[in-house]
Amino acid sequence: MQHSEALQKKINLPSRIEKLYKNEKARIFIEASDKYLECLGYTEHGFRHSRIVSNSAYRILKNLAYPEETAILAAAAGYLHDIGNMLGREMHHKMGAVLAKEILQEVGFSIEESLKVMTAIVVHEENQGAIPDEVAASVVIADKSDVHRSRVRNPSMVTEDIHDRVNYAATESELTVRSDERKIVLSLIIDTRISPVIEYFEIFLQRMIACRKAAAVLNAEFNLYINNTRMA
Ligand SMILES: [Fe+2]
Ligand SMILES: [Fe+2]
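Student: Before we go on, may I ask you to explain the overall build of the protein in this structure?
Tutor: Along the backbone of the protein there are 10 helices and four strands. Counting helices and strands in the order they occur from the N terminus, the protein gives α-α-α-α-α-α-α-α-α-β-β-α-β-β. At 16 Å, the protein has a C-alpha radius of gyration in line with the 17 Å of a compact globule built from 232 residues. In terms of overall dimensions, the protein has C-alpha extents of about 50 × 45 × 35 Å along its principal axes. For the protein, the proportion of its 232 residues judged to be buried stands at 44%. Nonlocal contacts in the protein, meaning residues at least 24 apart in sequence, comprise 63% of its contacts between residues at least 6 apart.

Rendered as structure tokens:
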């Protein structure tokens, strides 16, 4: 499955998540965060990224046989994980968690459920140490795996910035879960004329380490393939 619109259409979303996707406050916060990050020169963090992280986190847990209710919490955390960016990049995980509380209660999550989602939002930032549960683990993997050229806002400027270059070089990006082997596999096709593979590691090594750590929480393994060769 590719990170594409087609992937999103394949999933029959639970009604609580549909309700969250239609929530006005969430929509405004995601839009504002993406706008602010655009000013700072960051890659796309808007509805595309939010929906992909939400869908991927949900699929990871469903395919690893976690209960539907747990996967719904992961989908909610994935959708809201970057809303704190509208209040500044540095604390965006903590700000986002606090902002999410009101939205979650508006769409019918209990306080206990909301707290799980809020924790996952805090934990998604890779330097936050321990990954406490499966909801947080799935969001870490879904977020860090969203590498694709469609995140680059201005393709004509990719030579200027290594993050843009690496994302733009990723012409194909596919996150799959092999349920029977409990393996979560990120397969990237990187156009090495745009960015050599070594640049990918320069930027993403920390993120891949976070994915491996998160996969262990799910009693699973994280594998990375670049241009059909296993890297991790
Ligand atoms: Fe983030
Ligand atoms: Fe993110």
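Student: Any chance you could explain the pairing of strand β1 (residues 170-178) here in plain terms?
Tutor: Strand residues, when the strand is regular, have side chains that alternate between the two faces of the sheet. Bridging between β1 and strand β2 (residues 183-190) involves eight bridges; their strand directions are antiparallel. When the bridges of β2 are listed, E172 appears paired with I189. Connecting β1 to the antiparallel partner β2 that follows it, the hairpin turn spans four residues, and R182 within it adopts a positive phi of roughly 50 degrees.

Student: Looking at this structure, I do not really get the sheet that holds strand β3 (residues 221-226). What am I missing?
Tutor: Hydrogen bonds between backbone atoms are what pair the strands of a sheet, whose relative direction is either parallel or antiparallel. Read across the sheet, four strands follow the order β1-β2-β3-β4 without closing on themselves; strand pairing throughout is mixed. Each edge of the open sheet carries a strand with a single partner, namely β1 and β4 (229-230). Direction of pairing for β3 relative to β4: antiparallel, over a ladder of two bridges. Bridging across to β4, Y225 finds its partner in R230.

Student: Is there a simple way to explain the packing of helix α9 (residues 162-169) against helix α10 (residues 197-217) in this structure?
Tutor: Relative orientation and spacing of two packed helices are given, respectively, by the angle between their axes and the distance between those axes. Between α9 and α10, the shortest axis-to-axis distance is 10 Å and the interhelical angle comes to 115 degrees. In the packing of α9 onto α10, the handedness of the crossing is left-handed. Contacts between α9 and α10 involve I162, H163, R165 and V166 from the former and E199, Y200, E202 and I203 from the latter. Of the residues in the contact of α9 with α10, the class split is four nonpolar, one polar and three charged.

Student: What's the story with the nonpolar core in this structure? I'm lost.
Tutor: Soluble globular proteins tend to pack their nonpolar side chains together in the buried interior. Ranked by internal contacts, the top residues of the largest apolar core, which has 53 residues, are A76, A77 and V117. Where this core is concerned, the elements lending two or more residues are α2 (15-22), α3 (24-39), α4 (47-63), α5 (68-80), α6 (92-106), α7 (111-123), α8 (134-144) and α10. With nine residues, α5 is the single largest residue contributor to this core. Residue contacts for A76: discarding those within four places in its chain leaves I17, L20, L104, F109 and V117. Membership of the second largest hydrophobic core comes to 13 residues, among which are Y168, L175, L188 and Y200.

Student: Just checking my understanding: could you explain unusual backbone geometry for this structure?
Tutor: Backbone geometry follows two general trends: most residues other than glycine have a negative phi, and most peptide bonds adopt the trans configuration. Phi at N227 is positive, roughly 50 degrees, even though this residue is not glycine. Inspection of the secondary structure puts N227 in the loop between β3 and β4. Its identity is not glycine, yet N228 carries a phi of approximately 70 degrees, on the positive side.

Student: Looking at this model, I keep getting lost on the packing of α2 against α5. Mind explaining?
Tutor: For the pair α2 and α5, the least separation of the axes is 10 Å and the interaxial angle reads 10 degrees. The pairing of α2 with α5 is recorded here as roughly parallel in orientation. In this structure, α2 meets α5 at a crossing whose hand is right-handed. Across the interface between the two elements, R16, I17, L20 and Y21 from α2 touch I72, A75, A76 and Y79 from α5. Each residue belonging to the contact of α2 with α5 can be placed in one class, and the counts come to seven nonpolar, no polar and one charged.

Student: What is the right way to look at the confidence of the model for the protein in this model?
Tutor: Regions with low pLDDT should not have their predicted coordinates read in detail. When pLDDT is averaged across the protein, the result is 91; 94% of the residues are at 70 or more. Contacts for the low-pLDDT stretch residues 1-9, under 50 throughout, to residues beyond four places or in other chains number 14 contacts.

Student: How should I be thinking about the pairing of β2 in this particular structure?
Tutor: What you see with β2 is a clean split: I184, L186, L188 and I190 sit on the buried side and K183, V185, S187 and I189 on the side with no burial. Relative to β3, β2 is paired through six bridges, and the arrangement is parallel. Each residue of the ladder has a partner; that of L188, found in β3, is I226. This β-α-β element, β2 to α10 to β3, shows right-handed connectivity.

Student: Help me understand the environment of I83 in this model?
Tutor: Tracing the sequence through the fold places I83 in the loop between α5 and α6. Residue I83 is classed as buried on the basis of its C-beta count, with 28 C-beta atoms lying within 10 Å. Residues I83 and F29, spaced 54 residues apart in sequence, show a C-alpha to C-alpha distance of 5.5 Å.

About the cut-offs
- Residues numbered from 1 in each chain as written.
- Chains lettered and ligands numbered in written order.
- Predicted model: local features only at pLDDT ≥ 70, side-chain atom pairs only at ≥ 80, totals over all residues.
- Helix = DSSP H or I, 4+ residues; strand = E, 2+ residues; numbered from the N terminus.
- Rg over C-alpha atoms; globule rule 2.2 N^0.38 Å.
- Buried ≥ 20, exposed ≤ 12 C-beta atoms within 10 Å, placed from the backbone.
- Contact = placed C-beta atoms within 7 Å.
- Pairing = 2+ DSSP bridges.
- Axes fitted to C-alpha atoms, helices over the stretch in contact; angles between N-to-C directions.
- Left-handed = near helix turned anticlockwise from the far one by under 90°.
- Nonpolar A, V, L, I, M, F, W, Y, C, P; charged D, E, K, R; others polar.
- Core = buried A, V, L, I, M, F, W, Y, C linked by C-beta atoms within 7 Å.
- Parallel < 35°, antiparallel > 145°, perpendicular 65-115°, else oblique.
- pLDDT = per-residue confidence, 0-100.
- Right-handed = clockwise from strand over helix to strand, strands pointing away.

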